[in-house]
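Residue-level structure breakdown
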Amino acid sequence: MKKIHIIGLGLLGGSFALALKKVKPEITFTGYDSNIDNQNDAKVLGIVEEIKENPDADTDVIILAVPANAISEILIKTLDSIGPDTLVIDFGSTKEALCNAVADHPKREQYLAGHPIAGTEYSGPKAAKEDLLDKKVFIICEMDKTNIHLKGMAYEILEALNMKLRFMNPDEHDKHLAFVSHLSHISSFMLGKTVLDKMEDEKNIFDMAGSGFASTVRLAKSSPAMWAPIMEENKKNILEAMSLYISNLSKFRDKIIADDYEGLYQEMLKINKIGDILNLEK
């Protein structure tokens, strides 16, 4: 590999470039972002050597790291224009609609449907971190539909970045992410809204906000430009996750109304087990 082009020079695209530059300095990075400030920052920060809207004809890999609802159109246009030796990888948080959109594309085998499970509540090139992807999971969907030789470049990159591979079906990916990622962001946003609404009456409420509140509401600082499109693209699964969450929240409230504190204790004790599960996944 000699050339990689990144479309979307934000947190993920920028972190990817910074990390790969460290282990493969021979690769030249070009890129493009619809935000002019992001373009300038990416150039100044050394994320890319050159800003260009279209990659060179001999580019080896093109990374799509744009909002979820923009990927499909860009992916199709990119596949339409590339030569036979270029691989396109997307970093989108949803996969089912995207894979369906290119299922019959004549260059489908030049696309790898990917999702790095990494991020922070910050966005843009200035938020990019060289170690963001280190030891993180990278999900690949429909692996068998990607050309075996082009797929080798993806494996080389992911191994160099020290990422852990997982393989899933697109529908399975979207359903699971709705529960373990998308719902947690919604919960954080709504906790933030609830407290902000209360603050209109009680100006000093944040004086009592401790580390528990800060860690729980941290995700509410996430970019709406990224998360609104995710809600759009994964609507069906997110609504299912929200319905179950609201049901559980209502049952928890009902126990408090009924003074069933032993029931609350037992419920929370069972939920404590999630800590053991998360430790196993590290």
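It should be noted that the structure appears before, not after, this text.
Residues numbered from 1 in each chain as written. Predicted model: local features only at pLDDT ≥ 70, side-chain atom pairs only at ≥ 80, totals over all residues. Heavy atoms only, no water.

The phi torsion at Asn162 lies on the positive side, around 65°, for a residue other than glycine. Here Asn162 shows up in the loop between helix H5 (148-160) and strand E8 (164-168). (Helix = DSSP H or I, 4+ residues; strand = E, 2+ residues; numbered from the N terminus.)

Here the focus is the sheet that holds E8. Strand order in this open sheet of eight strands is E3-E2-E1-E4-E5-E6-E7-E8, and the pairing throughout is mixed. With partners counted over all chains shown, the strands left at the sheet margins are strand E3 (50-51) and E8, one partner each. Where strand E1 (residues 3-7) and strand E4 (residues 61-64) come together, four bridges link them in parallel fashion. Counterpart to His5 in the pairing with E4 is Ile62. Contacts from helix H1 (residues 11-23) reach E1, strand E2 (28-32), E4 and strand E6 (111-116), with the element oriented near 160° to E1. (Pairing = 2+ DSSP bridges. Contact = heavy atoms within 4.5 Å. Axes fitted to C-alpha atoms, helices over the stretch in contact; angles between N-to-C directions.)

Here we take up the pattern of salt bridges. This structure, assessed with the given rule, holds 18 salt bridges. As a salt-bridge pair, Glu130 and Lys22 come within 3.1 Å of each other at their nearest N and O atoms. Of this pair, Glu130 sits in the loop between E6 and strand E7 (137-141) while Lys22 is found in helix H1, placing the two residues 108 residues apart along the sequence. Judged by relative accessible area, Lys22 falls into the exposed class, the value being 58%. Beyond isolated ion pairs, a larger network of salt bridges with shared partners links Lys3, Glu50, Lys52, Asp56 and Asp58. (Salt bridge = Lys/Arg side-chain N within 4 Å of Asp/Glu carboxyl O. Buried < 20%, exposed > 50% of the residue type's maximum accessible area, 1.4 Å probe, protein only.)

Note that every value here comes from positions in space, so none of it alone points to a role or purpose.
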